[in-house]
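Below are the chains, spelled out letter by letter.
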Amino acid sequence: MPPKFRSIKRPKRKFSGNQFTKPSKDSQSDEPKEEAHGSNTLGKHTKKSVSSKKLLPNPEFPESKLFKDEEPCQEEATITGFRFVDMELLSTVFSSMRCTNCAHFTLVLSENHLERKGCASSLRVFCKNCGWKHVFWTSKKQTLSFEVNRRLVYSMRSIGKGHSGAKKFCTFMNMPPPPTARAYQKNAKTIAKHVKVIAKNSMSNAAKDIREAQHAQGDDIVNCGISCDGTWQKRGYSSQNGCVIVMSIDSGKVLDAEPLSKVCKQCQLHSHLDKDSEEYRRWRAEHNNCKANYKGSAPAMEAEGADRIFRRSVATHKLRYTDLYSDGDSKSYNQIKDIYADDGITVVKKECIGHVQKRVGTALRKLKKENPGLGGKKKLTDAMIDRLQNYYGIAIRSNVGDLNGMKKAIHASFFHCASSERRDLHTHCPTGPSSWCGFQRDKNSFKHGPGLPDNVIAKVKPVFQRLSEDSLLEKCLHGKTQNQNEAVNGMVWERVPKEVFVGGEMLEFGLFDAVSHFNIGARTVTQLLEALKITPGKYTEEGCRGLDMDRVRGAEYKERDERKKRRKVLRGQRKKKEDKNQQAEGVTYAAGGF
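In this report, we go over the structure that sits alongside the text. (Residues numbered from 1 in each chain as written. Predicted model: local features only at pLDDT ≥ 70, side-chain atom pairs only at ≥ 80, totals over all residues. Heavy atoms only, no water.)

Observations concerning the overall build of the protein
Thinking step 1. A count of helical and extended segments in the protein gives 23 helices and ten strands.
Thinking step 2. Within the protein, the proportion of its 594 residues that are buried is 41%.
Thinking step 3. A separation of at least 24 residues holds for 65% of the contacts in the protein among residues at least 6 apart in sequence.
Thinking step 4. Put simply, the protein shows about 35200 Å² of open surface, and 51% of that area lies on carbon and sulfur atoms. (Helix = DSSP H or I, 4+ residues; strand = E, 2+ residues; numbered from the N terminus. Buried < 20%, exposed > 50% of the residue type's maximum accessible area, 1.4 Å probe, protein only. Contact = heavy atoms within 4.5 Å. Areas by Shrake-Rupley, 256 points an atom, 1.4 Å probe, with all protein chains shown as cover.)

Structural notes on the sheet that holds strand 3 (residues 133-137)
Thinking step 1. Strands sit in the order 1-2-3 across an open sheet of three strands; the sheet is antiparallel. Taken across any chain shown, the strands that pair with only one partner, and hence form the sheet edges, are strand 1 (107-111) and strand 3. Pairwise comparison of adjacent strand axes, ignoring direction, gives a mean angle of 20° for this sheet.
Thinking step 2. Here strand 2 (residues 122-127) pairs with strand 3 via five bridges, running antiparallel. The partner of Arg 124 across the bridge, within strand 3, is Val 135.
Thinking step 3. The sheet strands contacting helix 4 (residues 87-95) are strand 1 and strand 2, and the helix crosses strand 1 at an angle near 150°. (Pairing = 2+ DSSP bridges. Axes fitted to C-alpha atoms, helices over the stretch in contact; angles between N-to-C directions.)

Remarks on helix 23 (residues 561-585)
Thinking step 1. Under the 1.5 Å per step criterion, the end-to-end length of helix 23 is 37 Å for 25 residues, consistent within 8% with the ideal 36 Å.
Thinking step 2. Looking only at helix 23, the buried set comprises Glu 562, Gly 572 and Asp 579.
Thinking step 3. Just past helix 23, the residue Gly 586 takes up positive phi, approximately 75°. (Expected span 1.5 Å × (residues − 1).)

Observations regarding the packing of helix 13 (residues 353-370) against helix 14 (residues 382-397)
Thinking step 1. Put simply, helix 13 and helix 14 touch, their axes get as near as 9 Å, and they point 150° apart. By the criterion of interaxial angle, the relationship of helix 13 to helix 14 is roughly antiparallel. With respect to the hand of their crossing, helix 13 and helix 14 are arranged in right-handed fashion. Of the residues in helix 14, those in contact with Ile 353, Gly 354, Val 356, Gln 357, Lys 358, Val 360, Gly 361, Leu 364, Arg 365 and Lys 368 of helix 13 are Asp 382, Ile 385, Leu 388, Gln 389, Asn 390, Tyr 392, Gly 393, Ile 396 and Arg 397.
Thinking step 2. Of the residues assigned to the contact of helix 13 with helix 14, the class counts are eight nonpolar, six polar and five charged. (Parallel < 35°, antiparallel > 145°, perpendicular 65-115°, else oblique. Left-handed = near helix turned anticlockwise from the far one by under 90°. Nonpolar A, V, L, I, M, F, W, Y, C, P; charged D, E, K, R; others polar.)

Topic: the pattern of salt bridges
Thinking step 1. Taken as a whole and assessed by the stated rule, the structure comprises 25 salt bridges.
Thinking step 2. The partner of Glu 494 in a salt bridge is Arg 495, and the shortest N-O contact between them spans 3.9 Å.
Thinking step 3. Of the residues examined, Arg 495 reaches a relative accessible area of 7% and is grouped as buried. (Salt bridge = Lys/Arg side-chain N within 4 Å of Asp/Glu carboxyl O.)

Brief notes about the packing of helix 7 (residues 181-213) against helix 21 (residues 523-531)
Thinking step 1. Where helix 7 meets helix 21, the closest approach of the two axes is 10 Å, and the angle between their N-to-C directions is 125°. Between helix 7 and helix 21, the crossing angle belongs to the class labelled oblique. You can see that helix 7 and helix 21 cross each other, and the crossing is right-handed. Here helix 7 contributes Ile 191, His 194, Val 195 and Ile 198 to the contact with helix 21, which in turn contributes Thr 524, Gln 527, Leu 528 and Ala 531.
Thinking step 2. In the contact of helix 7 with helix 21, the residues fall into five nonpolar, three polar and no charged.

In short, shape yes, function no, at least from these values alone.
As structure tokens, then:
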């Protein structure tokens with residue numbers, strides 16, 4: 001009788017990689033891919049992501065040696081770290097043990113609730129027979145606070161939660177409440193102070209890398225290019241908090257950051273006092289640590305923050321930020337362009353090609369809104385706008401350093417998208433079998449899309465003419481973007497909740513913790529714990545290495561050409577589906593329209 005299926009011993013499967021660890025078939029092939037609007041071929045994407053350059057600086061040290069995910073865990077004699085332990089089970093274990101003094105099974109585990117300090121509890125093992133007892137804490141004490149409390153505070157801050165979030169977590173886990181609000185804030189201030197030091201050191205090291213790359217010595221002042229961007233806690237130009245971040249355009253690391261807040265609780269509490277009264281003068285003389293470091297409107301925060309950062313660049317890092325890559329959303333450039341005038345240097349403004357590309361979509365959506373007849377089936381739909389915007393961006397990226405080629409590619413992309421079976425407008429597209437234009441490669445098998453009617457082409461053409469002027473494209477010849485700023489902006493607001501108001505201290509912590517994580521990764525955590533006189537521990541170190549590895553793998557995965565192409569395809573499919581639904585449903589929502 002053959003053995004049952006379950007009794008068959010299958011060979012152990014061996015890990016051989018997945019989509020994040022193994023290159024795809026497309027990336028392994030050496031065949032050149034077609035590129036739109038430039039030279040007719042595109043080399044295989046081989047450059048590493050910025051995250052891998054920052055977090056894995058030594059190319060000769062393979063990732064498999066840094067992070068050995070597939071190695072089996074071995075049982076250790078020494079137990080380390082924290083655990084969620086059911087105290088009833090632990091009490092049962094102690095009751096089944098002999099007392100070392102009288103050898104009876106009369107041990108009892110209890111807790112002194114009056115001595116508890118937040119998540120650190122005072123436990124007592126007591127023998128009911130002989131009276132022997134032993135008192136101990138569930139956490140080691142570091143300086144003035146227990147380790148578990150400081151780990152809890154930093155963990156909550158890192159995910160954008162405060163004391164209320166810690167209370168809710170402890171409640172749901174059937175744990176004693178966390179430290180009181182006062183003790184919680186005291187720990188948070190201590191942590192924020194050390195985080196700021198770590199972030200300042202990471203920014204100083206980033207500046208040193210730039211100076212070393214240009215072989216600067218002593219007090220030499222080095223010129224470099226930076227990208228500058230501001231970000232706000234709230235939308236709608238009404239935010240009380242914001243920050244400005246400056247990053248090296250070459251290394252992709254943050255060089256400086258400035259938090260800006262318009263609110264101080266102490267100033268609000270004393271705002272009712274008469275400015276000429278003796279009480280107000282006495283309070284004002286003692287109020288030396290005002291949390292409000294900015295007075296003005298929310299939109300002007302970016303220009304003010306950029307001005308402060310540029311003015312201290314020489315004193316702080318011995319750098320001059322001579323090339324400014326910005327999105328053109330604020331007056332930052334007008335305020336800082338003559339900061340180095342005493343040295344005979346004028347800051348040169350350059351455009352982020354990603355934001356320039358978005359201007360196409362913004363202009364076309366505005367045009368569509370102002371001219372209702374332009375929208376609809378086989379006209380200027382959202383999917384068509386997205387396609388025109390993508391082609392415009394590809395035209396810029398494919399002709400870096402070539403102004404004439406860039407202009408020709410932009411016009412060719414517009415007429416390529418506008419072409420249809422009724423009207424052939426492919427005369428601007430490059431010819432030959434290697435052309436990016438499918439019509440020029442094979443006119444017989446190429447199938448046109450709906451294209452654009454003549455009246456829509458007449459309306460859209462001036463937009464492309466305006467966005468292909470020499471004055472604009474000359475600022476895009478570098479081919480660089482501000483995407484790195486958007487990445488660190490997102491990391492800031494992961495730590496600072498946008499749905500509730502926060503003060504200047506919480507804003508400063510979120511900004512500098514995000515900056516240090518962006519520059520040096522999860523090593524920030526181990527450096528912070530060491531500064532707090534806390535041993536990071538096995539699981540913290542392993543987890544931090546794992547977080548960095550996940551970040552590198554994710555960045556490398558998203559950086560592949562096939563993944564970029566796939567994201568564009570999916571975005572186009574969503575746009576087409578949304579256009580189809582809107583055409584079928586008609587107008588279903590309008591302010592005051594029903």
